[in-house]
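# Reading the structure
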Amino acid sequence: MDLAYYSDYAVRLVNTEQPERGGDTLTSVEAVRELFGPPQQMARRATESDVTRLRAVRTRLRAVFEAADEGDEVRAVDLLNALMMEFPVSPQISGHEFRDEDGRPKWHLHIADHATNATAGYTATASMGLAFQLTELGVDRLGICQARPCRNAYLDTSTNRSRRYCSDRCATRANVAAYRARKRLDSGRAGRTGRTAETAQDTTPDSER
């Protein structure tokens, strides 16, 4: 059971919405099914009701990322624990599709598909995956993109805990914006310095020139 992989479920769901831009791609049953990735039994059970239910879960998962991004570790953990209590996983030992050289099953843990609906299955998987990342890497590895107005969620897996943006595109855009801001500031300072020098020259008595 690759719990690190399942944490991406949380990121994908949160990022179906861009609140500061008014964008939302979670608008149909097909959008719900796409969240699951490759075809899965639970995805095929998705209905219109799951659109509304997953939007509610999305809000709660975003709150986890925002609390972590703000440095409120306890709140982030409490919010995630509440989701896991409401949407528990059902692990089971499985050996399907994997065989060793002797043809015997390669036993491994698998999240059982016993959820009552697509939202419950997705949320249980996403929450458990996110909890694994949080406990293994640290709460500070959950972040919100600093390149406004993006605000996408991301998981920082860098070695030096330096990630601040959800993608290279946002990082480049933020760096360009910062560079332009510095140029404007430098130009403003140069302009003020020039005007100050001109004023000083105009007020200098002719006898001192």
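Before any of the text, the structure's been laid out above.
This section reports on the structure supplied with the text. (Residues numbered from 1 in each chain as written. Predicted model: local features only at pLDDT ≥ 70, side-chain atom pairs only at ≥ 80, totals over all residues. Heavy atoms only, no water.)

## What about a nonpolar patch on the surface?
Nonpolar side chains collect at one region of the surface, where Ile-93, Trp-107 and Leu-109 lie side by side and expose about 380 Å² of accessible area between them. Here Ile-93 is to be found in strand S3 (residues 91–94). Note on Ile-93: relative accessible area 61%, which makes it exposed. (Patch = residues over 30% accessible without salt bridge, like charges linked within 9 Å, V, L, I, M, F, W, Y side chains within 5 Å. Areas by Shrake-Rupley, 256 points an atom, 1.4 Å probe, with all protein chains shown as cover. Salt bridge = Lys/Arg side-chain N within 4 Å of Asp/Glu carboxyl O. Helix = DSSP H or I, 4+ residues; strand = E, 2+ residues; numbered from the N terminus. Buried < 20%, exposed > 50% of the residue type's maximum accessible area, 1.4 Å probe, protein only.)

## Regarding the packing of helix H5 (residues 73–86) against helix H6 (residues 118–137)
Contact geometry of H5 with H6 gives a least axis separation of 9 Å together with a crossing angle of 145 degrees. Considering only the axes of H5 and H6, their crossing is left-handed. Residue-level contacts link Val-77, Leu-80, Leu-83 and Met-84 of H5 to Thr-123, Ser-127, Met-128, Leu-130, Ala-131 and Leu-134 of H6. Counted by class, the contact of H5 with H6 contains eight nonpolar, two polar and no charged residues. (Axes fitted to C-alpha atoms, helices over the stretch in contact; angles between N-to-C directions. Left-handed = near helix turned anticlockwise from the far one by under 90°. Contact = heavy atoms within 4.5 Å. Nonpolar A, V, L, I, M, F, W, Y, C, P; charged D, E, K, R; others polar.)

## A word on H6
The end-to-end C-alpha separation of H6 is 28 Å, in line with the 28 Å expected for 20 residues at 1.5 Å each. If you check the start of H6, you find a side-chain oxygen 3.1 Å away from the backbone N of Thr-119, and it comes from Asn-117. Backbone geometry just downstream of H6 places Gly-138 in the positive-phi region, at approximately 115 degrees. (Expected span 1.5 Å × (residues − 1). Polar contact = N/O pair within 3.5 Å; in protein donor to acceptor, adjacent residues only side chain to side chain.)

## With respect to the pattern of salt bridges
Tallied over the full model, the rule gives ten salt bridges. For Arg-151, the salt bridge goes to Glu-20, with nearest N and O atoms at 3.8 Å. With Arg-151 in the loop between strand S5 (142–144) and strand S6 (153–155) and Glu-20 in the loop between strand S1 (17–18) and strand S2 (23–24), the pair connects residues that are 131 residues apart, well separated along the chain. Overall, Arg-151 belongs to the buried group, its relative accessible area being 14%. Among the salt bridges present, the one from Arg-161 reaches Asp-140, with a minimum N-O distance of 2.8 Å. Here Arg-161, found in the loop between S6 and helix H7 (168–202), pairs with Asp-140, found in the loop between H6 and S5; they are 21 residues apart in sequence, far enough to count as distant. Asp-140 gets classed as partly exposed once you look at its relative accessible area, which sits at 45%. If you follow the salt bridges from partner to partner, you end up with Glu-17, Asp-24, Arg-55 and Arg-58 in one network.

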